[in-house]
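Listed below, chain by chain, are the residues.
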Amino acid sequence: MPHLIVEYSRNLAGFPEAQALTELNQAVTASPEIADEADLKTRFVVANSFAIGTAPGPRAFVHAQLRLLSGRTPEAKRDLSECVAAVLRRLAPKPAGVLVQLSVEIVDMDRGSYTKERL
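What counts, and at which threshold
Residues numbered from 1 in each chain as written. Predicted model: local features only at pLDDT ≥ 70, side-chain atom pairs only at ≥ 80, totals over all residues. Heavy atoms only, no water. Helix = DSSP H or I, 4+ residues; strand = E, 2+ residues; numbered from the N terminus. Buried < 20%, exposed > 50% of the residue type's maximum accessible area, 1.4 Å probe, protein only. Contact = heavy atoms within 4.5 Å. Phe/Tyr/Trp six-rings, centres within 6.5 Å; stacked < 30°, edge-to-face > 60°. Salt bridge = Lys/Arg side-chain N within 4 Å of Asp/Glu carboxyl O. Core = buried A, V, L, I, M, F, W, Y, C linked by side-chain atoms within 4.5 Å.

Pulling in residues and values, what's your account of the overall build of the protein chain?
Each helix and strand in the protein chain was counted, giving two helices and four strands. Counting from the amino terminus, helix and strand elements in the protein chain follow one another as β-α-β-β-α-β. On the principal axes, the C-alpha backbone points of the protein chain span a range of 45 × 30 × 25 Å. Of all 119 residues assigned to the protein chain, the portion counted as buried reaches 36%.

I'd like a description of the side chain of Ser81, backed by residues and values.
If you trace the backbone, Ser81 turns up in helix H2 (residues 74–91). Residues in contact with Ser81, not counting those within four places in the same chain, are Val104 and Ile106.

Tell me about the packing of aromatic side chains, and name the residues and values.
Going through the model one piece at a time under the given rule, you end up with four aromatic pairs. For the ring pair Tyr8 and Phe44, a centre distance of 6.1 Å and an interplane angle of 75° mean the geometry is edge-to-face. You can see Tyr8 sitting in strand S1 (residues 3–9) and its partner Phe44 sitting in strand S2 (residues 41–47), a full 36 residues away along the chain. Here the two residues Tyr8 and Phe44 agree in accessibility, since each one is buried. In textbook terms, an aromatic cluster arises when at least three aromatic residues are bridged by ring pairs, as seen for Tyr8, Phe15 and Phe44.

I'd like a rundown of the pattern of salt bridges, residues and numbers included.
For the structure on display, the rule yields seven salt bridges. For Asp36, the salt bridge is made with Arg118, and the minimal N-O distance between the two is 2.9 Å. Of this pair, Asp36 sits in the loop between helix H1 (17–29) and S2 while Arg118 sits in the segment after strand S4 (99–109), placing them 82 residues apart in sequence. Classification of Asp36 by relative accessible area gives partly exposed; the value is 27%. Several salt bridges converge on common partners, so that one network encompasses Asp36, Asp39, Lys116 and Arg118.

Lay out the nonpolar core with the relevant residues and their values.
Most often, soluble globular proteins keep nonpolar side chains buried together rather than apart. Membership of the largest hydrophobic core comes to 25 residues, with the highest contact counts inside it found for Leu4, Val6, Phe15, Leu24, Val62 and Leu88. Mapped by element, the contributors of at least two residues to this core are S1, H1, strand S3 (59–69) and H2. Broken down by element, this core gets its largest block of residues, six residues, from S3. When sequence neighbours within four positions are dropped, the list of residues in contact with Leu4 reads Leu24, Val28, Leu40, Lys41, Thr42, Arg43, Ala64, Gln65, Leu66 and Val84.

Here it is, written out as structure tokens:
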């Protein structure tokens, strides 16, 4: 815990994943909600097959899901959501003529059923 999964559509070629990984990890671990920076696991997933709506036209997306153990306040979740969005807003490719949708979701993980070990 926590897990940050960033998905984006394949038509956003040139997404600077390495830079985004560094900046996202720095932004999230700067939050007082994250006790140990080594707990954050971040990854990118490229959606090779996707559809956005039904109308024709070039569209793309970036969606981040930050999964945290339950118990955070709505304000803390909003702050984390905005810090993730700020990095992605700045770094996501914005191809000319393409509508790019950005979304960030904070998901509570159930503390009672979550298991984690360091091996």
